[in-house]
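# Inside the fold
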Amino acid sequence: MPGRPNGSADAPRVRSTAAGAVGNVVEWYDFAVFGASATLLAAVLTPGGDNGLTGVFAVFAVSFVFRPLGAVFVGALADRVGRRGPLAATLLVMTVATAGIGLLPTWAALGSATAFVLLVLRAAQGFSSGGELVVSVAYLVEHARPDRRGVRGGVHMATMAVGFAAGIGAVAVLQRVLGHETMTTWGWRVPFILAVPLGLVGLYLRSRAAETPEFREPRAARRPLAPLAEAVKGHRATVAAGFLLAAGFASSFNLWFVYFPSRLVRDGTHDLATALAGALLGLLALAVSAVACGRLSDRWGRRPLLLLGTCSVIVLWLVAPAWLADGDVTTLLLADAAMGAALGAFVLQSALADRLPATVRVSGMAVTFGLASALVGGTAPLVASLLSTSTDTAHVSRYALLWALSASVAAARWSGSTEVSEPGGRAGGPVSASRDGVSLAEG
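Residues numbered from 1 in each chain as written. Predicted model: local features only at pLDDT ≥ 70, side-chain atom pairs only at ≥ 80, totals over all residues. Heavy atoms only, no water.

Along its length, the protein carries 20 helices and 2 strands. Among the 443 residues that make up the protein, the fraction classed as buried is 58%. Only carbon and sulfur atoms are counted for the fraction: they give 67% of the accessible area of the protein, which is about 16700 Å². (Helix = DSSP H or I, 4+ residues; strand = E, 2+ residues; numbered from the N terminus. Buried < 20%, exposed > 50% of the residue type's maximum accessible area, 1.4 Å probe, protein only. Areas by Shrake-Rupley, 256 points an atom, 1.4 Å probe, with all protein chains shown as cover.)

See the structure below:
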């Protein structure tokens, strides 16, 4: 039958999308549950008091130290041995660590030992998520046609948002159904333990997934002994610009969807369920925007979308924090949706995939996503907690603006004037004529 060969040819691509996407949803569900449960964890896993929430955010930040380690280690491994095995391993580690947090004894039972074990488990989560982030990007875009990389990059960002939304949604629903007293007694454990069946589904899909075509090509057999060093040395400008763009995204994402919901609850502006519902809507808006903007970037180029995203985030940080503080639920929902839509225009996954060759692609992404997520994104809630006063969050907005402005400069200088074709493929989108794909003016 005429349609059968095409369907057969598309089957591996569909399976690869499912393996990369579903596994990524599970991974980011696990990671999001911790941030959404911050106020609950402060009550049951710390001594409590005014410093309880700061202590939880400190654990959140310290765990990000292990994120670039995971990105670099797993990234180099993926550039040497392939994408498929490391993807399954990172999901397994994340599932075990998340379930472990749900089984932790409370502070009242074990005291400071609880905090130590929590830190170890969060370190494992950070290591795993760092490796997952960079390998899953490469896995998804390498299974796409070059002229569809933007869509695949958008799918990757969308699955991050959906996983994060699922984690937040699980905590919000349980908070609404069980009530605060039950949640602080035992209900807080449920969303963490749900990681086990979700993780098993993701592992099943990834165990059946195929290696990416680009990695199987003969040219990929000539893999560098030190892919990280080659990525940094041979693609310095791309790595630097990618770091700033990733920092702009990660700082705004973690401040808006991790710090502010907890801050609104602490200040009594909204209850936990309402604050998390707003964040949930914003994350769903991010998921839709990411796919749509990814498709537009395949047609118009990456640079216009990067500029749209960074400039929109700047405007929102200038005006929206006041909206969040006025206590109106409709205003909260609109602000969260606007920020999610703006962040969806950060088409950095496909932009970096255009510039980095397959032999060093994951390692190059490890330096950009991994370091930016650890040094800027992961520490953002803690920095915000230290910068803000009991009644004012203006310094938090200024801090976010600093990184958003830096990202906009990188977006403005991101080259997009010419196109090159992948070997054996169609033009894959805007790529500079310079060696590392960023404008020649950058050197």
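Structure shown, so let's carry the discussion forward.
In the contact formed by helix H5 (residues 84–102) and helix H10 (residues 195–207), the axes pass within 9 Å of each other and the chain directions differ by 175°. Considering the angle they form, H5 stands roughly antiparallel to H10. For the pair H5 and H10, the contacting residues are Arg 84, Leu 87, Ala 88, Thr 90, Leu 91, Leu 92, Thr 95, Thr 98 and Ala 99 in the first and Ala 195, Val 196, Gly 199, Gly 202, Leu 203, Arg 206 and Ser 207 in the second. Classifying every residue of the contact of H5 with H10 by side-chain character gives 8 nonpolar, 6 polar and 2 charged. (Axes fitted to C-alpha atoms, helices over the stretch in contact; angles between N-to-C directions. Parallel < 35°, antiparallel > 145°, perpendicular 65-115°, else oblique. Contact = heavy atoms within 4.5 Å. Nonpolar A, V, L, I, M, F, W, Y, C, P; charged D, E, K, R; others polar.)

The subject of this paragraph is the side chain of Gln 349. As for its position among the elements, Gln 349 is in helix H17 (residues 348–355). Among the polar contacts listed, one links the side chain of Gln 349 to the side chain of His 156, at a separation of 3.3 Å. Every residue in contact with Gln 349, bar those within four places of it in the chain, is listed here: Val 137, Gly 153, His 156, Met 157, Met 160, Met 365 and Phe 369. (Polar contact = N/O pair within 3.5 Å; in protein donor to acceptor, adjacent residues only side chain to side chain.)

It is worth spelling out the side chain of Gln 175 at this point. Its location among the elements puts Gln 175 in helix H8 (residues 149–185). Apart from residues no more than four positions distant in its own chain, Gln 175 is found in contact with Leu 40, His 180, Met 183, Leu 272 and Ala 273.

The next subject is the nonpolar core. In terms of nonpolar packing, the biggest core is built from 109 residues, with Phe 34, Phe 164, Leu 255, Trp 317 and Leu 343 touching the most fellow members. Residues in contact with Phe 164, not counting those within four places in the same chain, are Trp 28, Tyr 29, Phe 31, Ala 32, Phe 253, Val 258 and Leu 283. (Core = buried A, V, L, I, M, F, W, Y, C linked by side-chain atoms within 4.5 Å.)

Enumeration according to the criterion identifies 10 aromatic pairs in this entry. Pairing Phe 253 with Phe 257 gives two aromatic rings, centres 5.5 Å apart and planes at 65°, and the pair type is edge-to-face. Highlighted residues: Phe 253 and Phe 257, both in helix H13 (residues 236–266), separated by 4 residues, approximately one helical turn. This pair shows no difference in class: Phe 253 is buried, exactly as Phe 257 is. Ring geometry for Phe 260 and Trp 317: centres 6.0 Å apart, planes at 35°, overall tilted. Here Trp 317 lies in helix H15 (residues 302–325) and Phe 260 lies in helix H13, a separation of 57 residues in the sequence. Owing to a relative accessible area of 4%, Phe 260 belongs among the buried residues under this scheme. By relative accessible area, Trp 317 is classed as buried at 1%. (Phe/Tyr/Trp six-rings, centres within 6.5 Å; stacked < 30°, edge-to-face > 60°.)

Scanning all chains against the criterion turns up 9 salt bridges. For Glu 142, the salt bridge identified is with Arg 83, shortest N-O distance 2.7 Å. Placement of the pair is Glu 142 in helix H7 (residues 112–142) and Arg 83 in the loop between helix H4 (66–81) and H5, with a sequence separation of 59 residues. The class for Glu 142 is buried, based on a relative accessible area of 2%. Three or more residues are tied together by salt bridges with common partners; here these are Arg 149, Arg 295, Asp 298, Arg 302, Asp 354 and Arg 355. (Salt bridge = Lys/Arg side-chain N within 4 Å of Asp/Glu carboxyl O.)

Enumeration over the complete set of coordinates arrives at 2 cavities of 30 Å³ or more. Taken as a whole, the largest cavity encloses approximately 260 Å³ of empty space. When residues in the lining of the largest cavity are grouped by element, the largest group, 6 residues, is from H13. Of the residues that constitute the lining of the largest cavity, the class distribution is 16 nonpolar, 3 polar and 1 charged. (1 Å grid on protein atoms, 1.4 Å probe; cavity = no way out; pocket = protein on both sides within 12 Å on 5 of 7 lines; lining within 4 Å. Points joined across faces, edges and corners; volume = space filled by probe spheres on them.)

Right, let's talk about the packing of H8 against helix H14 (residues 272–300) for a bit. Two elements in contact, H8 and H14, have axes separated by 8 Å at closest approach and are oriented at 170°. Here H14 runs roughly antiparallel to H8, going by the angle between their axes. Residues belonging to the contact of H8 with H14 are distributed by class as follows: 22 nonpolar, 7 polar and 4 charged.

Residues Val 62, Val 65, Phe 66, Leu 69 and Leu 119 make up a contiguous nonpolar surface patch of roughly 390 Å² in combined accessible area. By the secondary structure assignment, Val 65 is in the loop between helix H3 (52–63) and H4. (Patch = residues over 30% accessible without salt bridge, like charges linked within 9 Å, V, L, I, M, F, W, Y side chains within 5 Å.)

You can see Thr 274 is positioned in helix H14. Accessibility expressed as a relative area gives 17% for Thr 274, which makes it buried. Once the C-alpha coordinates of Thr 274 and Val 329 are considered, the two residues, 55 residues apart in sequence, prove to be 7.6 Å apart. Excluding anything up to four places from it in sequence, Thr 274 contacts Arg 176, Val 329 and Leu 332.

Mapped onto the fold, Thr 54 is located in helix H3. Accessibility expressed as a relative area gives 22% for Thr 54, which makes it partly exposed. Excluding residues within four positions of it along the chain, Thr 54 makes contact with Leu 382 and Ser 385.

So, on to the environment of Ala 115. Mapped onto the secondary structure, Ala 115 falls in helix H7. We classify Ala 115 as partly exposed; its relative accessible area is 29%. In this structure, the C-alpha to C-alpha distance between Ala 115 and Leu 45, residues 70 residues apart in sequence, is 6.7 Å.

The next thing to look at is the confidence of the model for the protein. Per-chain confidence: the protein averages 81 in pLDDT, with 85% of residues scoring 70 or above. The low-confidence segment residues 1–8 (pLDDT under 50) makes 0 contacts with residues lying over four places distant or belonging to another chain. Overall, residues 416–443 carries pLDDT values under 50, and its contacts beyond four positions in sequence, including any with other chains, amount to 68 contacts. (pLDDT = per-residue confidence, 0-100.)

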